[in-house]
Each structure stands twice: as structure tokens, then as C-alpha cells.
Amino acid sequence: MEDRLFTPAVVTLILLSFVMGTSEFIVMGILPDISEGLGVRYSLVGGLVSVFALSYAVCTPVITAVTGRHGRFRVLTALVCVFLLSDILTLISWDYWSLALSRVVTAASSGSLLAVGMTFVMDLVTPRYRAKAVSWIFAGFSISSVFGVPLGTAMSHVLGWRSVFVLILAMGVASALLALRTLPRLGAPESTGGSGGAGRMMRDPCILLGACVTVFGAMGMYVIYTYITPILEEEIGFPDSLVSVGLMAMGAVLLVSNLVSGRIASERGGLRTVRLTYLAEAALMFLLPTAVASSVLGMADLLMMGLLMYLFNSSVQMHLMEIASRDYPEAITLASSLNPTSFNIGITVASLLGGAIYDTVGINSLGYAAGVCIVIASVTAFAVCRICRAEGRGTSVT
């Protein structure tokens, strides 16, 4: 355990996160190329995004629960191998269904890999750097949206969509070799609670409400973010040539949001602060339908919203892991998976909710639905803090 943030092991986990994020998000950037390459409808290929999110949400807790009693380094190594094999399957997929299967395997391995990687943080750095390390690992996904996805999209246009997964495979192999060299050979988390610890943890109100903070937060975010391109084009009036600039700007502020989330978790009150930033985010969402009347105000509203979007990430992750470390040590890997799992549940529900609103009452109403979801997330965060204090089971972020 080192008293600094960017240890070689932490950097390796950030790189793994970047590779997984690029693999997850790149599909949204190359949908037209995949559609043309496989000769299938664009809408069918677009369903791969929902397939990924749903597979992530369903498979991650199951895999982490099953592997929780095995050595963490061995589990992480096995999951990295599965991730690389899934990338090869994507690369050689011969039709839509083989591609969809590869995305299911990628989602299952990515979610579990991130969860196991997060458990290493507790053993890699001292307590004052843990929340920041968590925020940087999450930031790997945001960095991928700013750099990895635009690079992959450009490659796809020039060399074909399969070339992107050659790049991801190369980066994955490099990250795997770094993991073998830098990560400690950690065993399974020490078990003191018997085999029923996972079941007891999943009935704990502090755990369940903590996960719901992420579910409703992600729902609010992705009701809007799923339709960010048509919002920029149809509502704000961006020409096609500037949409990519708008998307990169959003990616940049989301990266900043992730990094600031670490500081909030470690120094600025954690969920006690997040419950208030949620209210500010909800206000921006309620204002969005009016703000888009002006391209300047509309873009400013989106960027300010983006700065607030990920502020909950590190606080929820630390809350869940601290409770598990203290009360359910045999289920810490499962606890580590709950935040990203909840995030993908929120994305799945948001895509359905946003699609229904888009088709029935129009894109201009997405901000109202998103605002309601974020208000619920704020109320849930208030409830988590109150229950933890009332029961004398507070964490560093509550």
C-alpha cells in the first residue's frame, strides 16, 4: 500500500478502464459502418447498445458473486483473457447474431473486470487517496469517449469497422501484460461472515438505497445523453460539421466531472454534497427545453449539466465498498460491482423511457423526464445519509 495516487498498479487499472470504455462506446460511433458492412438495418445494429447494457447489468453481479471466493488476481487475469477473446470474436463476427453474442461476452467480462479491479484499490493506496483512485479508474471510460472513440471512428471510416477492434485488441494485450507485471497477487477477500453474507448484504437498506442513487442518476443522465446528437442537430441547430465538436466538448466535461467526483468523495462531503448537486442538475434539465431556443444557451446548459453528471460516481462506489469491507467482507467483490451494474440498469431503462418520450411527445420533453429522475436520485441520496447516521453505520461519504 503506497501513500500516493498514481502507483504503477493504479495506472494499469486506469488503462484497463480506458480499453474497456473504448470497446463499450465505440459501437455508437461506428453504427453506420457496421450496418453497411454486415448488410443489416441501422436500427437493428443500434440495438447492440441496449444488448450491451442489459448484459452488463445481468451478468456482472452473477459473475462477481460466483468468483468472490477465489483469488482476486487470478479472477482478474481470467476476466482479461475472456475480454480479449470476446474482442477477437467481435473482430471475426460473420453476421449480426455472432456480433451480438460477442457484445454479450464483452459486457459480461467488462463489468466483472471493473468490479474486481476496484477491489484492488483498497490494498493499493492509503485511505486518503482511495476515492481519487476510484474516480480516475472511472475516468478511464470518460477518457475513452474523448480520445478512443473519435480515433476509432476515424479508423472505421478509412480502414473499415473491424480495424477498430484490432486496435482495441492490441491495447488490451498491452494492458494485460502491464497487469501481470504491476498488480499484486491478491487472494480472495477475507471471509468472516459465512456463505450468507451476499444475501444479507443485498437486503441491507444502506446498500440498496446506495445502488438506487446510481440507478436514478444514470436514468436522468441517459434519457438526455442517449439522444444528444439529435438534440444538438434538431433542437440547438448545430450543423453536421459541428456535431462532433459538440460531442467532444461533452466528453471533456464528463471527464472533468468524473475527476471532481473523487475530490467530492474524499474532501467535500461525499453523498451529502451529491444530493445537492443533483438538485442543481435537475434544475438545468428542467430548463433545457427553454434553453435550446438559443444555440449558445442550449449548449451552455448541456455543458453545465455534463459537469454535474458524474459527481456521484466515486461517492457511491466508496459507500458500497466501505459498508461491504466493514459488514460483509466476504461479498466485497459483489459490492464493488453494484455501482457499475446499477449504472447500466439506469442506461437500459433510460433508453426505453427516452425512446417512448421521443416517439410520443417529442424530443423537447426529454429534459422534463430527466429532471424528475434526478430529483428522485437526490431524495434517495438524502435517505441514504439519514439511514446510515440513524443506524450508526455511517461511511466516509455519508
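Description of the structure in this document. The shown structure was predicted, so the numbers you read here are calculated from the model rather than taken from an experiment.

## Quick look at the overall build of the protein chain
Regarding its fold elements, the protein chain presents 16 helices and zero strands. Taken over the C-alpha trace, the protein chain has a radius of gyration of 20 Å; the compact-globule value for 398 residues is 21 Å, and the two agree within 12%. Principal-axis analysis of the C-alpha atoms gives the protein chain an extent of 55 × 45 × 35 Å. The buried share of the protein chain, reckoned over its 398 residues, is 58%. Across the protein chain, the fraction of contacts at a sequence separation of at least 24, relative to all contacts at a separation of at least 6, is 84%. Total accessible area computed for the protein chain in this model is approximately 15,300 Å², and 69% of it derives from carbon and sulfur atoms. A distance of 13 Å separates the average location of the 22 positive side-chain charges in the protein chain from that of its 22 negative side-chain charges.

## Observations concerning the pattern of salt bridges
For the coordinates displayed, the defined rule picks out eight salt bridges. As a salt-bridge pair, Arg-393 and Glu-391 come within 3.2 Å of each other at their nearest N and O atoms. Connected through salt bridges with shared partners, the residues Asp-204, Arg-326, Asp-327, Glu-391 and Arg-393 form a single ionic network.

## Side note on the environment of Leu-180
Along the chain, Leu-180 turns up in helix 7 (residues 161–182). Distance from Leu-180 to Phe-73, taken between C-alpha atoms, is 8.9 Å for residues 107 residues apart in sequence.

## Some words on the nonpolar core
With 127 residues, the main nonpolar core has Leu-76, Phe-120, Met-201 and Leu-302 as its most contacted residues. Top element by residues in this core is helix 5 (residues 96–124). It accounts for 12 residues. The residues touching Met-201, leaving out its near neighbours within four places in the chain, are Ile-207, Ala-324, Tyr-328, Ala-331, Leu-334, Ala-335 and Leu-338.

## Quick notes on the packing of aromatic side chains
Counted under the stated rule, the structure contains 10 aromatic pairs. For the pair Phe-25 and Phe-141, a centre-to-centre distance of 6.3 Å together with 75° between the ring planes defines the contact as edge-to-face. A residue pair is termed long-range when its members are at least 10 positions apart, and Phe-25 in helix 1 (residues 8–29) and Phe-141 in helix 6 (residues 127–159) qualify at 116 residues. Side by side, Phe-25 and Phe-141 carry an identical accessibility label, which is buried. Seen in terms of ring centroids, Tyr-222 and Phe-343 are 5.7 Å apart; in terms of plane orientation they differ by 80°. Their pairing is edge-to-face. Of this pair, Tyr-222 sits in helix 9 (residues 205–225) while Phe-343 sits in helix 15 (residues 332–360), placing them 121 residues apart in sequence. The rings of Tyr-222, Tyr-225, Tyr-278, Tyr-310, Phe-312 and Phe-343 are connected pair by pair, giving a single aromatic cluster.

## A short note on a nonpolar patch on the surface
A cluster of nonpolar residues, Leu-276, Leu-279, Phe-286, Tyr-368, Val-372, Val-375, Ile-376, Val-379 and Phe-382, forms a patch on the protein surface that exposes about 740 Å² of accessible area. With six residues, the single largest contributor to the nonpolar patch is helix 16 (residues 366–390). Positionally, Val-379 belongs in helix 16.

## Some words on helix 4 (residues 72–92)
Taking 1.5 Å of rise per residue, 21 residues should cover 30 Å, and helix 4 covers 30 Å from first to last C-alpha, within 8% of that figure. Within helix 4, burial applies to Arg-72, Phe-73, Val-75, Leu-76, Leu-79, Val-80, Phe-83, Leu-84, Ser-86, Asp-87, Thr-90 and Leu-91.

## Focus on the side chain of Ser-102
With respect to the element layout, Ser-102 can be found in helix 5. Side-chain polar atoms of Ser-102 contact the side chain of Thr-90, separated by 2.8 Å.

## A few points about the environment of Glu-234
Secondary-structure assignment places Glu-234 in helix 10 (residues 228–235). A residue is classified by how much of its surface remains accessible, and Glu-234, at 47% relative accessible area, is partly exposed. Measuring from C-alpha to C-alpha, the distance between Glu-234 and Val-375 comes to 26 Å, with 141 residues separating the pair along the chain.

## Side note on the side chain of Thr-398
Following the sequence through the fold, Thr-398 ends up in the segment after helix 16. With sequence-adjacent residues up to four places away left out, Thr-398 is seen in contact with Leu-271, Arg-272, His-319, Val-384, Cys-385, Cys-388 and Arg-389.

## With respect to the packing of helix 9 against helix 14 (residues 313–327)
Contact pair helix 9 / helix 14: the axes reach a minimum separation of 10 Å and the direction vectors enclose 165°. As judged from the angle between their axes, helix 9 and helix 14 are roughly antiparallel. With respect to the hand of their crossing, helix 9 and helix 14 are arranged in left-handed fashion. On helix 14, the residues that touch Cys-206, Ile-207, Gly-210, Ala-211, Val-213 and Thr-214 of helix 9 are Val-316, His-319, Leu-320 and Ile-323. Among the residues making up the contact of helix 9 with helix 14, the classes are represented as seven nonpolar, three polar and no charged.

Analysis parameters
- Per chain, the residues get numbers from 1 upward, laid out in the order the sequence is written.
- Selection of residues for local features in this predicted model requires a pLDDT of at least 70, selection of side-chain atom pairs for listing and counting requires 80 or more, and totals for whole chains, interfaces and linings are taken over all residues.
- Where side-chain values are given, they derive from all heavy atoms of the structure, hydrogens and water being excluded.
- A run of H or I in DSSP becomes a helix once it reaches four residues, and a run of E becomes a strand once it reaches two; helices and strands are each numbered from the N terminus.
- The atom set for the radius of gyration is the C-alpha atoms, and the globule formula is 2.2 Å times the number of residues raised to the power 0.38.
- Only protein chains enter the accessibility calculation, which uses a 1.4 Å probe; a residue whose area is less than 20% of its type maximum is buried, one above 50% is exposed, and one in between is partly exposed.
- Here, two residues are considered to be in contact whenever any of their heavy atoms come within 4.5 Å of each other.
- In these tables, accessible area is a Shrake-Rupley quantity obtained with a 1.4 Å probe, and a residue counts as shielded only by the protein chains included in the view.
- A residue counts as positive if it is Lys or Arg and as negative if it is Asp or Glu; His and the chain ends are not included.
- All charge positions are set by atom: Lys at NZ, Arg at CZ, Asp at CG, Glu at CD.
- Salt bridge, as used here, is a side-chain nitrogen of Lys or Arg placed within 4 Å of a carboxyl oxygen of Asp or Glu.
- Put simply, a nonpolar core is a bunch of buried Ala, Val, Leu, Ile, Met, Phe, Trp, Tyr and Cys residues held in one set by side-chain atoms that sit within 4.5 Å of each other.
- Centre distance within 6.5 Å is the pairing criterion for rings of Phe, Tyr and Trp, where only the six-membered ring of Trp is used; planes under 30 degrees apart are then read as stacked, over 60 as edge-to-face, and the remainder as tilted.
- Residues enter patches when they are more than 30% accessible in relative terms and free of salt bridges; like-charged ones are connected within 9 Å and nonpolar ones (Val, Leu, Ile, Met, Phe, Trp, Tyr) within 5 Å.
- One less than the number of residues in a helix, times 1.5 Å, gives the span that helix is expected to have.
- Distance and chemistry together define a polar contact, namely a pair of N or O atoms within 3.5 Å, with one atom able to donate a hydrogen and the other to accept it when in protein, and with adjacent residues in sequence counting only for side-chain atoms on both sides.
- Axis lines are fitted through C-alpha atoms, for helices just across the contact stretch, and the angle between N-to-C directions can take any value from 0 to 180 degrees.
- Angle categories are assigned with fixed cut-offs, so that under 35 degrees is roughly parallel, over 145 is roughly antiparallel, 65 to 115 is roughly perpendicular, and the rest are oblique.
- If you view the pair so one helix is near and one far, a crossing is left-handed when the near helix is turned anticlockwise from the far one by less than a right angle, and right-handed when it is turned clockwise.
- Here the nonpolar group is Ala, Val, Leu, Ile, Met, Phe, Trp, Tyr, Cys and Pro; Asp, Glu, Lys and Arg are the charged ones; every other residue, Gly included, is treated as polar.

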